[in-house]
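Fold and geometry: a report
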Amino acid sequence: MTDRGLESWTDGLSARERVREIATTLTQPRSVEWVREQAQISSWQTAKDELEMLVEFGQLHDIEGDDGNTKYAPNYQLRYFTEVTELINTHTREELRQEIATIQSAIDEWKAEFDVESRDALESTLSNEDLTAEAIQDRNRVLRQWETYVDNKRLLKHALELYDDARSLYPGQSDSSNSSHPLSQ
């Protein structure tokens, strides 16, 4: 921290870099104007040009919005493959397998704790008359986490399936990489 307080996230970034920072973290389609405002730049044209370049490179999709204007949406497919690639390049097979086991262990504990066989079965218990508000909130928290774990497990499964092929395409990497990155967050 400096004498001025916390530095702005925009410090040291050009207008185009700020647009890229915002655009590559989109979670839903957004207009040029929305991105321009979030990136804290004055030029609408700079924002539009940068967004169009990101579309050209496949990092974003341009779609027609409800209002007839172009909006820019995340390329979820690219993000997914990037995550799989990162898992493969930063973790050993054993670490990936262990994380799958850890996730499954948590799911098994929830099944036992709530006496259900699936996430959907747990969700159907939310309307039970005998549950307190706190119990419902706890189940909602578990449901969100369960959904995240299922998604992470699918991602890890794909990383394992592609592991050997992807490693063979990444020279200098071996299966003995050491990593301490937690995977289940």
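Scroll up a little and you will see the structure.
Residue numbering note: each chain is counted from 1, following its sequence as written. Residue-level local features of this predicted model are given only where pLDDT is at least 70; pairs of side-chain atoms are given and counted only at 80 or more, and the full residue set underlies all totals for whole chains, interfaces and linings. For the side-chain quantities, the full set of heavy atoms in the structure was used; hydrogens and water were omitted.

**A short note on the overall build of the chain**
Each helix corresponds to a stretch of at least 4 residues labelled H or I by DSSP, and each strand to a stretch of at least 2 residues labelled E; elements are numbered beginning at the N terminus. Assigned secondary structure in the chain consists of 7 helices and 2 strands. The accessible surface values rely on the Shrake-Rupley method and a 1.4 Å probe; as for residues, cover is taken only from the protein chains in view. Looking at the chain as shown, the accessible area adds up to about 12000 Å², and 47% of this sits on carbon and sulfur atoms.

**Topic: the packing of helix H1 (residues 15-23) against helix H3 (residues 44-56)**
What counts as an axis is a line fitted to C-alpha atoms, over the stretch in contact for a helix, and the angles between N-to-C directions run from 0 to 180 degrees. Two elements in contact, H1 and H3, have axes whose closest approach is 9 Å; the angle formed by their N-to-C orientations is 55°. Considered as vectors, H1 and H3 are oriented oblique to each other. Handedness of the H1/H3 crossing: right-handed. Note on element contacts: H3 touches H1 through Thr-46, Ala-47, Asp-49, Glu-50, Leu-51, Met-53 and Leu-54, opposite Ala-15, Arg-16, Val-19, Arg-20 and Ala-23. When residues are grouped by polarity, Ala, Val, Leu, Ile, Met, Phe, Trp, Tyr, Cys and Pro land in nonpolar, Asp, Glu, Lys and Arg in charged, and all others, Gly among them, in polar. A breakdown of the residues in the contact of H1 with H3 according to their chemical character gives 7 nonpolar, 1 polar and 4 charged. These descriptions rest on fixed angle ranges, namely under 35 degrees for roughly parallel, over 145 for roughly antiparallel, 65 to 115 for roughly perpendicular, and the rest for oblique. Crossing handedness: left-handed means the near helix sits turned counterclockwise from the far one by under a right angle, and right-handed means the same turn made clockwise. We call two residues contacting when some pair of their heavy atoms lies within 4.5 Å.

**Focus on the pairing of strand E1 (residues 60-64)**
Strands are labelled as partners when DSSP assigns at least two bridges between them. Of the strand pairs in this sheet, E1 and strand E2 (residues 70-74) are connected by 5 bridges, and their pairing is antiparallel. Each bridged residue has a counterpart across the sheet, and for His-61 the counterpart in E2 is Ala-73.

**Here we look at the environment of Tyr-170**
Position of Tyr-170 relative to the elements: it lies in the segment after helix H7 (133-168). Relative accessibility decides the category of a residue: with a 1.4 Å probe and only protein chains considered, values under 20% of the type maximum give buried, values over 50% give exposed, and everything between is partly exposed. Looking at Tyr-170, the relative accessible area reads 35%, which means it is partly exposed. Residues Tyr-170 and Ile-88 lie 82 residues apart in sequence; the distance between their C-alpha atoms is 9.9 Å.

**Re the environment of Lys-157**
When you line up the elements, Lys-157 lands in helix H7. A C-alpha to C-alpha distance of 7.8 Å links Lys-157 and Ile-100, two positions 57 residues apart in sequence.

**Thoughts on the environment of Glu-117**
The residue Glu-117 is located in the loop between helix H5 (93-114) and helix H6 (119-124) in this model. Glu-117 sits in the exposed class, given a relative accessible area of 66%. In this structure the C-alpha to C-alpha distance between Glu-117 and Ile-107, which are 10 residues apart in sequence, comes to 9.7 Å.

**Considerations on the pattern of salt bridges**
The salt bridge definition used is simple: a Lys or Arg side-chain nitrogen within 4 Å of an Asp or Glu carboxyl oxygen. Here the structure, examined in full by the defined rule, presents 11 salt bridges. Between Asp-164 and Arg-93 there is a salt bridge, and its shortest N-O distance comes to 3.1 Å. Here Arg-93 lies in helix H5 and Asp-164 lies in helix H7, a separation of 71 residues in the sequence. Take Asp-164: its relative accessible area is 48%, and that puts it in the partly exposed class. Its relative accessible area of 18% is what places Arg-93 among the buried residues. Connected through salt bridges with shared partners, the residues Arg-16, Arg-20 and Glu-50 form a single ionic network.

**Overview of the nonpolar core**
Here, the term nonpolar core denotes a set of buried Ala, Val, Leu, Ile, Met, Phe, Trp, Tyr and Cys residues that are joined through side-chain atoms within 4.5 Å. Residues Leu-96, Trp-110, Leu-122 and Trp-146 are the most contacted members of the largest nonpolar core, which totals 21 residues. Among the secondary structure elements, those contributing two or more residues to this core are helix H4 (76-90), H5 and H7. The element that contributes the greatest number of residues to this core is H7, accounting for 9 residues. Beyond its immediate chain neighbours, meaning those up to four positions away, Trp-110 contacts Asp-115, Val-116, Val-142, Gln-145, Trp-146 and Tyr-149.

**Focus on the packing of aromatic side chains**
For any two aromatic rings, the description comes down to two numbers: the centre-to-centre distance and the angle of the planes. Classification of ring pairs rests on two measures: the distance between centres of Phe, Tyr or Trp rings, Trp counted by its six-membered ring, which must be within 6.5 Å, and the angle between planes, read as stacked under 30 degrees, edge-to-face over 60 and tilted in between. The full count for this structure, using the stated rule, is 3 aromatic pairs. Note on Tyr-80 and Phe-81: the rings are 6.3 Å apart at their centroids and 80° apart in plane angle, and the pair reads as edge-to-face. The class of Phe-81 is partly exposed, set by a relative accessible area of 45%. With a centroid separation of 5.5 Å and 40° between ring planes, the pair formed by Trp-110 and Tyr-149 is classed as tilted. Note that Trp-110 is positioned in helix H5 and Tyr-149 in helix H7, a separation of 39 residues in sequence. Accessibility classification places Trp-110 together with Tyr-149 in one group, the buried group. Three or more aromatic residues joined by ring pairs make a cluster, and in this case those are Trp-110, Trp-146 and Tyr-149. Whether a charge sits over a ring comes down to the Lys NZ or Arg CZ being within 6 Å of the ring centre and within 35 degrees of the ring normal. Its end group placed over the ring of Trp-34, Arg-30 keeps NZ or CZ at 4.1 Å from the ring centre.

Don't take any of this as a statement about function, it's just geometry.
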